[in-house]
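For reference, the chains in residue letters:
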Amino acid sequence: MPKPKYTTHLGMVDILPDESPKWRALEQIIHEEAAKFNFEEIRTPIMEQTELIVRGVGQLTDIVSKEIFAFEKGDSHYVLRPELTAPVVRAFVEHHMQQRGGSQKLYYIGPMFRAEKPQKGRQRQFHQFGLEILGSDDPIADVECIAFMMRIYQRIGIKNFDLKLNSVGDPESREAYKEALRAYLKPNLDEMSELSQKRFEKNPMRILDSKEEEDQPFIEQAPVIQDYLNEESKEHFEKVKSYLDDLGIAYSLDPHLVRGMDYYTRTAFELTSSDLGSQDALAGGGRYDLLVEEVGGPSTPAVGFAAGMERLMIACEELGIELAEEKSVDVYFVTLGDAARKWALTHLPKTREAGLSATMDYMSRSMKAQMKDANRENALYTLIIGDNELNEGKFTLRNMKESEEMPLSFDEIIEKLTKKLL
Ligand code: HAM
């Protein structure tokens, strides 16, 4: 095949017709489970103001410093959304959603954009589903959020994962911890990576997230935040853990889990899977009690998570899980001649109105070619229509699996098929 002149951008992927049914099936599962949890869907624009993402996600994060797709047009600074927590918070504030009463439990499904180096499970346009609960600081909200996330994987049949849990503390605990961390890191700072040196003053906790080899020995020995949590943060974390125990949701504690955004406070979690390669994070999230205020809204505690849908698909492939049933069409109208084609065209809508799926050949092909096409389309039945059939008002309905044929009127066919297939 000649090389095409135009291709997708690096790390941007077409979802072709053979793949789209499984995406739809996954979306359906998410919508169904969200409805059971009484969560509401939110859809926000693909582009946001760059300033929102810089403020919300954090200037020194990898996402903002290296990975955002941003451009200017006129006086506006646009960014393709790299995640949806900051945008959902923006929408919450912009539309005064606290006035709707209670906590807002908002889920979403959609594409995100990060200019990362593509590899398996890492794309520049990728999809997330996620949830943001705004307005509650009750540990129940944290645990319902985690339970929803786990429910999706459980329903699909992905079991091989590790839920890592940490508390990154409230501002008071974090200050105490950051101070201890700085005191510990300072004598060795010269030997550490440039990035870590940069993070040292503003946010030393992000150093714990460093992947640089020279940082690892220092990270391993670093003090852990658990020893610096104040009473309130400790109590909150204890409750999250005990509610997870009550639900039978297993987790492991990871004191170095800080996550890649600056907005986290208290609970932080990540779900990893050994069925994935080096990009092993299926999902991640946590609390962000200060973000709503940070972007100009009323003080509002919040918690949420987001999950990578491509990574979920990879896990399904590894495990041989089929998300979608094999595609099929109920009836394929096989037409012989112009009169038959016209008849088929006018009887397709009636068939579809009866609730069946139906198609015909659009290429005036031979009967043999149409039968072959019906097989390719996985037709359950073919309806053979020629001049004789039109004169007699009886058509040959063929059950493709059992190779049975019978002559029937159109009304009888619809009755038979609706009884059998619907
Ligand atoms: P995140 O950890 O950056 O969190 O992303 C969540 C998930 O999105 C990851 O665990 C991964 O599965 C997937 N993901 C991230 N980047 C890529 C990529 N380049 N290609 C494919 N999949 C990717 C957030 O986005 C936060 N907004 C989560 C959150 C919600 N925290 C609170 N509320």
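None of these values were measured; they are calculated from a predicted model.

Asks: Kindly report on the pattern of salt bridges, identifying the contributing residues and their values.
Replies: The final tally for this structure, using the stated rule, is 34 salt bridges. A salt bridge links K211 to D209, with the shortest nitrogen-to-oxygen separation between them at 3.6 Å. Among the residues examined, D209 registers a relative accessible area of 22% and is labelled partly exposed. Close ionic contact of E415 with K419 constitutes a salt bridge, the shortest N to O distance being 3.0 Å. Residue E415 and its partner K419 are located together in helix α15 (residues 410-421), separated by four residues, close to a single helical turn.

Asks: Could you give an account of the side chain of D215, with specific residues and numbers?
Replies: By secondary structure assignment, the location of D215 is in the loop between α7 (194-202) and α8 (216-220). A polar side-chain atom of D215 sits 2.7 Å from a polar atom in the side chain of S193. If sequence neighbours within four positions are ignored, D215 has contacts with M192, S193, S196 and S210.

Asks: Kindly report on the UniProt feature "binding site: L-histidine" (unreviewed entry) in the chain, identifying the contributing residues and their values.
Replies: The positions that UniProt labels "binding site: L-histidine" (unreviewed entry) are, in the present scheme, E83, L84, T85, R114, Q128, E132, R259, Y263 and Y264. By the secondary structure assignment, R259 is in the loop between β8 (252-253) and β9 (267-273). In this structure the side chain of R259 is engaged in a polar contact, spanning 3.0 Å, whose partner is the side chain of Y264. Structurally, Y263 is set in the loop between β8 and β9. Setting aside its immediate chain neighbours within four residues, Y263 contacts G56, V57, E83, T85, R287, Y288 and L291. Among the polar contacts listed, one links the side chain of Y263 to the side chain of T85, at a separation of 3.2 Å.

Asks: Describe unusual backbone geometry, and please don't skip the residues or the numbers.
Replies: Positive phi, close to 70°, is recorded for R259, a residue that is not glycine. By relative accessible area, which is 11% here, R259 ends up buried. A positive phi angle, close to 55°, is found at S403, a residue other than glycine. One can find S403 in the loop between β15 (395-399) and β16 (404-408).

Asks: Requested: an account of the pairing of β9, with residues and values cited.
Replies: The buried fraction of β9 is high, at seven of seven residues. Of the two faces of β9, the one lined by T267, F269, L271 and S273 and the one lined by A268, E270 and T272 are each fully buried. The pairing of strand β7 (residues 161-167) with β9 spans seven bridges and is antiparallel. When the sheet's bridge partners are listed, L165 is paired in β9 with F269. Alignment of β9 against strand β10 (residues 281-287), held across five bridges, turns out to be antiparallel. Its bridge partner lying in β10, A268 is registered against G286.

Asks: Any chance you could break down the packing of aromatic side chains for me, citing the residues and the numbers?
Replies: On inspection of all chains with the given rule, the structure shows 14 aromatic pairs. Ring plane angle 90° and centroid distance 5.5 Å describe the contact between W343 and F410, whose orientation is recorded as edge-to-face. In this pair, W343 sits in helix α12 (residues 338-353) while F410 sits in helix α15, placing the two residues 67 residues apart along the sequence. Feature note: the residues F37, F39, F129, F148, Y153, F161 and F305 constitute an aromatic cluster, connected by ring pairs.

What counts, and where the lines are drawn
- Residues numbered from 1 in each chain as written.
- Predicted model: local features only at pLDDT ≥ 70, side-chain atom pairs only at ≥ 80, totals over all residues.
- Heavy atoms only, no water.
- Salt bridge = Lys/Arg side-chain N within 4 Å of Asp/Glu carboxyl O.
- Buried < 20%, exposed > 50% of the residue type's maximum accessible area, 1.4 Å probe, protein only.
- Helix = DSSP H or I, 4+ residues; strand = E, 2+ residues; numbered from the N terminus.
- Polar contact = N/O pair within 3.5 Å; in protein donor to acceptor, adjacent residues only side chain to side chain.
- Contact = heavy atoms within 4.5 Å.
- UniProt positions renumbered as here; feature names shortened; annotations may be inferred.
- Pairing = 2+ DSSP bridges.
- Phe/Tyr/Trp six-rings, centres within 6.5 Å; stacked < 30°, edge-to-face > 60°.

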